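Breakdown of the fold
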Amino acid sequence: MLRLPISEVRSDLEKKFIKNRITILVGETGSGKSTQVPQFISSLNNGKERIAVTQPRRVAAINLAKRVAEETKTTLGQDVGYSVRFQNMSSPKTKIKYLTDGMLLRELLLNTNLDQYTTIILDEAHERTIVTDLLMGFLKTLLRKRNDLRLIVMSATLDADKFRRFFDGAEVLYVQGRRFPVQRYYLSKPVEDIVDATVRTAIQIHTGEPMGDILAFLAGQEDIDKAVDLLNDIIENLPKGVPDLVALPLYAALPQQQQLKVFEKVPGNKRKIILATNIAETSLTISGVRFVIDGGTHKVKIWRHDLGLDSLLTMPISKSNAAQRMGRAGREAAGKCYRLYTENDYHGLRSQSEPEIERCDVAFPILTLKLVGVTDILGWNWLERPSKGAILSALTQLYVLKALDDEGQITGLGKKMAVLPLPPHLSAALLDAHQKGISDPVLDIVSCLSIENLIMNPHPDKRDGVNEKRLPFITASGGMGDLIVLRNYVQHYRSLLSSEDRKVWCKELFINYRAMSNVEDIRKQLQIYLKAGNGSRQPEDSADQFGPSTLNEQIIQCFLKGFVGNTALSLPGRTYRTIAGGHTINIHPSSSVFGKKVDAIMYTEYIFTTKAYARNVSPIDLEWLQRIAPHFLSRRTAANDY
DNA sequence: GAGCACTGC
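As the structure is a computational prediction, the values presented were derived from the model and not from experiment.

The full set close to DNA strand B counts 35 residues, and Arg58, Ala252, Thr609, Tyr613 and Arg615 are the nearest of them. When the atoms of DNA strand B within 4 Å of the protein are sorted by group, sugar and phosphate make up 65%. Between a base nitrogen of DNA strand B and a main-chain N or O atom of proline 421, the distance comes to 3.0 Å. Taking threonine 610, its side chain carries an N or O atom lying 2.9 Å from a phosphate oxygen of DNA strand B. Counting residues per element, the ones that place at least two in the surface near DNA strand B are helix H4 (101-110), helix H8 (221-236), strand E14 (297-304) and strand E21 (612-620). If you tally residues by element for the surface near DNA strand B, the top one is H4, at three residues. A class-by-class count of the residues in the surface near DNA strand B yields 14 nonpolar, ten polar and eleven charged.

Now the structure itself:
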């Protein structure tokens, strides 16, 4: 296998590109493939090429477009541009367009031939996001239909063979990365307490190694906060003559302001140690890091389709994760990587992490396939086919939501659901609300549910104060549950007119201000899609239909249309029993319904961490359930008789 | 009486 720098690969790539319809390019980080390859292709064919380059993340798409526009000395948005959700910096004349993979999928749904492009480049294919996997399947078919279309799949080293086999033996090119050497160290025997081992290794580096920042990977917030506290105790008592050390946490749920601290230079003769989740593995790059401590684990969300349950578990990383983490020490100079596991354990790791499509709910991918007319779901071009059980469970969910009919064909409602940028359950709730003329409040709630880390967990010291500030909004919900509380937050936020007032209020309630402004963007977009797909409805036609129900009750009933499967009945004590599976479930203590006794609940999330928890909980009337989903209740009752 | 990784339309 010959590896050359990108400039030397150029003529070879161009030859292969002209000769073959599909090329696979394997390049390590720092090879420049993401910026150079599109420019090489663009220079061919008298500049007539129209190139789409996909990225799994928004920032990457935007930054790459900016860099290539600079390199080609063109104005961003003209020859070189980008397109991500809420931001389009491209024109019909754009020759090189960087977009998120989700954006290309959306374009594909509107124009299944992708006629606007002559070349598609799928970058970071090794990350195996659900959307990249789907695109590969669609493109394999499209290449047979459009013989003027070309595809380049770009990936990191380890799994090129998988892509080569999928694309019937396409040729593979290798590009050398530009990286500094990183010295690896393993433990001689395994440790029990990973937090303690991380702290000890950090201090050892700090007292024994030249300057340069340290990046330590731990699985989650809890371990990270613990490590930061331990380090702070030690730092206070550092002997004289040892330079100062600053410990900083980094995870996605941390307020933006605190996240930004890891990028700031610390004044004086100080060393930074950043304790991070896998957010620092691919999403964020911190300069100045010379030392990496790899705890060897990460948290993985796994969907149990047999239980309808997500579990979030700490698992060993893969070799590919370990390589990526190690590489973070060698971006600017030679570095060192301390793996807090034995060399033997390393050899026991799997080479790649399980692709997303194998461990997530596939209701959304399958609805997408149905929308473009795929009838044989099991026999489709899956790069990795989900298990039959997972597919069957997704089909059942879609049937219960009335997105599919008895024959498994997509319904009119299913088509509307598939084009909304929401998971199918939320689409179902929103479309029901629209039909009833009460989309406004449901839009508020659905938008909140589409955003991660909106309502944050305050540090235990500040918890009581924050809860006190939140209390009026919970009281105002009249015991109707968390969805109504969310709406109360949005309404209050919107009633504040200046952004300064909004910021202050968010800070008091420990609500993420940036996420909240995102909620407003999403709401606007959903409203546009709703009107385009369904015509506008007037609220007044809802009055008769609902008789004496209050608006809040009507809102919950809309959600029940999407979440009939997420309901549970009261058991003695604090627990509930799920109607669908008969499993024991607890209300999460962060819920406004926690500690209250109600007959039945509906929840939008069912997740196992230390216990099985229901999150975003609303009390429901059993009568609503009987009216909305009699078939669901009777089917379950019958099944429970066996 | 918890405390949850990361993305994306």
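Where E14 and strand E15 (residues 309-316) come together, eight bridges link them in antiparallel fashion. Each bridged residue has a counterpart across the sheet, and for histidine 298 the counterpart in E15 is methionine 315. The loop that links E14 with its antiparallel partner E15 comprises four residues; one of these, glycine 308, has a positive phi angle of about 65°.

What follows is about the pairing of E15. Where E15 and strand E20 (residues 600-608) come together, two bridges link them in parallel fashion. Bridged to serine 311 within E20 is phenylalanine 608.

Moving on, we get to the sheet that holds strand E2 (residues 51-55). In spatial order, the strands read E4-E3-E5-E2-E6-E7-E1-E8; together these eight strands make up an open sheet with mixed pairing. Each end of this open sheet is capped by a strand with a single partner; those strands are strand E4 (87-89) and strand E8 (171-175). Each strand axis lies, on average, 20° off the axis of its neighbour in the sheet, ignoring direction. In this structure, strand E1 (residues 22-27) lies alongside E8, joined through five bridges in parallel fashion. Paired with threonine 23 across the two strands is glutamate 171, which belongs to E8. Contacts from helix H1 (residues 6-19) reach E1, strand E6 (119-122), strand E7 (150-155) and E8 within the one sheet, and its direction differs from that of E8 by about 165°.

Looking at the secondary structure, you find threonine 282 in the loop between strand E12 (270-276) and strand E13 (289-294). A sequence separation of 42 residues divides threonine 282 from glutamine 324, and the C-alpha atoms of the two residues are 7.9 Å apart. The contacts of threonine 282, once residues within four sequence positions are left out, are Arg57, Glu127, Gln324 and Arg328.

Within this structure, the stated rule accounts for eleven aromatic pairs. Judged by centre distance (4.9 Å) and plane angle (80°), the rings of phenylalanine 166 and phenylalanine 167 are edge-to-face. Residues phenylalanine 166 and phenylalanine 167 agree in their burial class; the two are buried. For the ring pair tyrosine 603 and tyrosine 606, a centre distance of 6.0 Å and an interplane angle of 65° mean the geometry is edge-to-face. For tyrosine 603, a relative accessible area of 1% puts it in the buried group. Tyrosine 606 sits in the buried class, given a relative accessible area of 8%. Here the aromatic residues Phe138, Trp380 and Trp382 are joined through ring pairs into a cluster of three or more.

Another aspect to go through is helix H23 (residues 551-562). Over its twelve residues, H23 extends 18 Å from the first C-alpha to the last, a length consistent with the 16 Å expected when each residue adds 1.5 Å. Those residues of H23 not exposed but buried are Gln554, Ile555, Ile556, Gln557, Cys558, Phe559, Leu560 and Gly562.

The next subject is the packing of helix H2 (residues 33-43) against helix H3 (residues 58-71). Contact pair H2 / H3: the axes reach a minimum separation of 10 Å and the direction vectors enclose 55°. The orientation of H2 relative to H3 falls into the category oblique. Note that H2 runs across H3; the crossing there is right-handed. Residues Ser34, Thr35, Gln36 and Gln39 of H2 lie in contact with H3, whose contacting residues are Leu64, Arg67, Val68 and Glu71. Residue composition of the contact of H2 with H3, grouped by class: two nonpolar, four polar and two charged.

The nonpolar side chains of a soluble globular protein tend to be buried, and buried together. Ranked by size, the top nonpolar core spans 104 residues in total, and within it Ile120, Trp505, Met516 and Phe559 carry the most contacts. When residues in this core are grouped by element, the largest group, nine residues, is from helix H5 (residues 130-145). Discounting residues that sit within four places of it in the chain, phenylalanine 559 has contacts with Leu426, Ala429, Val442, Ile445, Val446, Leu449, Leu483 and Met602.

Rules of the game
- Residue numbers run consecutively from 1 along every chain, following the written order of its sequence.
- Starting at A for chains and at 1 for ligands, labels are handed out in the order in which the entities are written.
- For this predicted model, a pLDDT threshold of at least 70 governs which residues receive local features, and a threshold of 80 or more governs which side-chain atom pairs are given and counted, while totals over whole chains, interfaces and linings are taken from all residues.
- Remark: hydrogens and water are excluded; side-chain values derive from all non-hydrogen atoms of the structure.
- Residue proximity to a molecule or strand is established when one non-hydrogen atom of the residue lies within 4 Å of it.
- Side-chain atoms alone can form a polar contact between residues adjacent in sequence; in general such a contact is a pair of N or O atoms within 3.5 Å, and within protein one must be able to donate a hydrogen while the other accepts it.
- Strands are runs of DSSP state E lasting at least two residues, helices are runs of H or I lasting at least four, and both sets are numbered from the N terminus onward.
- Charged residues are taken to be Asp, Glu, Lys and Arg, nonpolar residues to be Ala, Val, Leu, Ile, Met, Phe, Trp, Tyr, Cys and Pro, and polar residues to be all remaining types, Gly included.
- Here the rule is simple: two strands pair whenever DSSP picks up at least two bridges between them.
- Axis lines are fitted through C-alpha atoms, for helices just across the contact stretch, and the angle between N-to-C directions can take any value from 0 to 180 degrees.
- We call two residues in contact when some of their heavy atoms are within 4.5 Å.
- Classification of ring pairs rests on two measures: the distance between centres of Phe, Tyr or Trp rings, Trp counted by its six-membered ring, which must be within 6.5 Å, and the angle between planes, read as stacked under 30 degrees, edge-to-face over 60 and tilted in between.
- The buried label applies to any residue whose accessible area, calculated with a 1.4 Å probe on protein chains only, is under 20% of its type's maximum; exposed applies above 50%, and partly exposed to all values in between.
- Multiplying 1.5 Å by the helix residue count minus one yields the expected span of that helix.
- To sort the angles, those under 35 degrees are grouped as roughly parallel, those over 145 as roughly antiparallel, those from 65 to 115 as roughly perpendicular, and the leftovers as oblique.
- Less than a right angle of anticlockwise turn of the near helix away from the far helix marks a crossing as left-handed, whereas a clockwise turn marks it as right-handed.
- In these notes, a set of buried Ala, Val, Leu, Ile, Met, Phe, Trp, Tyr and Cys residues joined through side-chain atoms within 4.5 Å is what counts as a nonpolar core.

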